[in-house]
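Now for the letters of each chain:
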Amino acid sequence: MKKVIALLVILLALSILAGCGNRLGGTASNEISIQEWLDNKGGTESSTMTVTVKTIVNPVLAIVEDEFGTSVNLFGVMVDGEFMEFEKAGISQGDTIVIRGGKYNEYEGNVEIAEAALVEIK
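Residues numbered from 1 in each chain as written. Predicted model: local features only at pLDDT ≥ 70, side-chain atom pairs only at ≥ 80, totals over all residues. Heavy atoms only, no water.

Draft legend 1. Broad picture of unusual backbone geometry. The backbone of K41 shows a phi angle near 50°, a positive value even though the residue is not glycine. Among the secondary structure elements, K41 is positioned in the loop between α2 (34-39) and β3 (48-58). The phi dihedral of E108 is positive, around 50°, even though this residue is not glycine. For E108, the location among the structural elements is in the loop between β8 (96-107) and β9 (110-121). Of the residues examined, E108 reaches a relative accessible area of 68% and is grouped as exposed. (Helix = DSSP H or I, 4+ residues; strand = E, 2+ residues; numbered from the N terminus. Buried < 20%, exposed > 50% of the residue type's maximum accessible area, 1.4 Å probe, protein only.)

The following block contains the structure:
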């Protein structure tokens, strides 16, 4: 009986730890801000950012902003490994989206997120 209780306690502890994930300061460690992304000249493949589409400049270029008011250009999104224009991906101006990864790219003097995978439209 003691072994069963000990096993249950261990399983409960593992379950709690798994639910916490890698957390730092109350936010998931793979969720980063645009400023963190800019400072590191990109994120990891598992880094996510929650951003609001402020302006769609053309079918493949938008200006996005995070909750802290930092903005950056977003060059299209990847959906199932395929580059997609915003309209085809179902993204409209004003939408809040979650993107993952994204390469740091400088184009004509502007920094942009390129090849970011669309995770969710909220």
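Past the structure itself, the notes keep going.
Draft legend 2. Region of the structure containing the packing of aromatic side chains. All chains considered together, the criterion is met by two aromatic pairs. Taken together, a centroid distance of 5.5 Å and an interplanar angle of 35° make the contact between W37 and Y104 tilted. Of this pair, W37 sits in helix α2 while Y104 sits in strand β8; the two residues are 67 residues apart in sequence, bridging distant segments of the chain. A relative accessible area of 0% means that W37 is categorised as buried. (Phe/Tyr/Trp six-rings, centres within 6.5 Å; stacked < 30°, edge-to-face > 60°.)

Draft legend 3. Highlighting the pairing of strand β5 (residues 71-75). Where strand β4 (residues 61-65) meets β5, five bridges bridge the pair, whose relative direction is antiparallel. Across the sheet, residue V64 finds its bridge partner in β5, namely V72. From the end of β4 to the start of β5, which pair antiparallel, there are five residues, and G69 there has a positive phi angle of about 85°. One ladder, built from three bridges, connects β5 with β9; its direction is parallel. By the bridge assignment, N73 is partnered in β9 with E112. (Pairing = 2+ DSSP bridges.)

Draft legend 4. Spotlight on the pairing of β9. Bridge count for β8 against β9 is ten bridges, and the pairing is antiparallel. Within β9, the residue paired with I97 across the bridge is I121. Here β8 hands over to β9 after two residues, with E108 in that stretch at a positive phi of 50°.

Draft legend 5. Fine view of the side chain of D95. Looking at where D95 falls in the secondary structure, it is placed in the loop between α3 (86-89) and β8. Although buried, D95 forms no salt bridge, and the nearest oppositely charged side chain, K54, lies 12 Å from it. A polar contact of 2.7 Å, which involves the side chain of D95, links it to the backbone nitrogen of S92. Excluding anything up to four places from it in sequence, D95 contacts V51, T52, V53, G90 and I121. (Lys, Arg positive; Asp, Glu negative; His and termini not counted. Salt bridge = Lys/Arg side-chain N within 4 Å of Asp/Glu carboxyl O. Polar contact = N/O pair within 3.5 Å; in protein donor to acceptor, adjacent residues only side chain to side chain. Contact = heavy atoms within 4.5 Å.)

Draft legend 6. Structural view of the confidence of the model for the chain. Of all residues in the chain, 76% have pLDDT values of 70 or greater, and the mean over the chain is 83. Under a pLDDT of 50 for its full length, residues 11-28 has, in the predicted model, five contacts with residues more than four places off or in other chains. (pLDDT = per-residue confidence, 0-100.)

Draft legend 7. Focus on the layout of surface pockets. Within this model, the second largest pocket holds a volume of roughly 200 Å³. Lining the second largest pocket, in full, are G43, T44, E45, M78, R100, G101, G102, K103, E115 and A117. Elements represented by at least two residues in the lining of the second largest pocket include exactly β8 and β9. The leading source of residues in the lining of the second largest pocket is β8, at four residues. Looking at side-chain class alone, the lining of the second largest pocket contains two nonpolar, four polar and four charged residues. (1 Å grid on protein atoms, 1.4 Å probe; cavity = no way out; pocket = protein on both sides within 12 Å on 5 of 7 lines; lining within 4 Å. Points joined across faces, edges and corners; volume = space filled by probe spheres on them. Nonpolar A, V, L, I, M, F, W, Y, C, P; charged D, E, K, R; others polar.)

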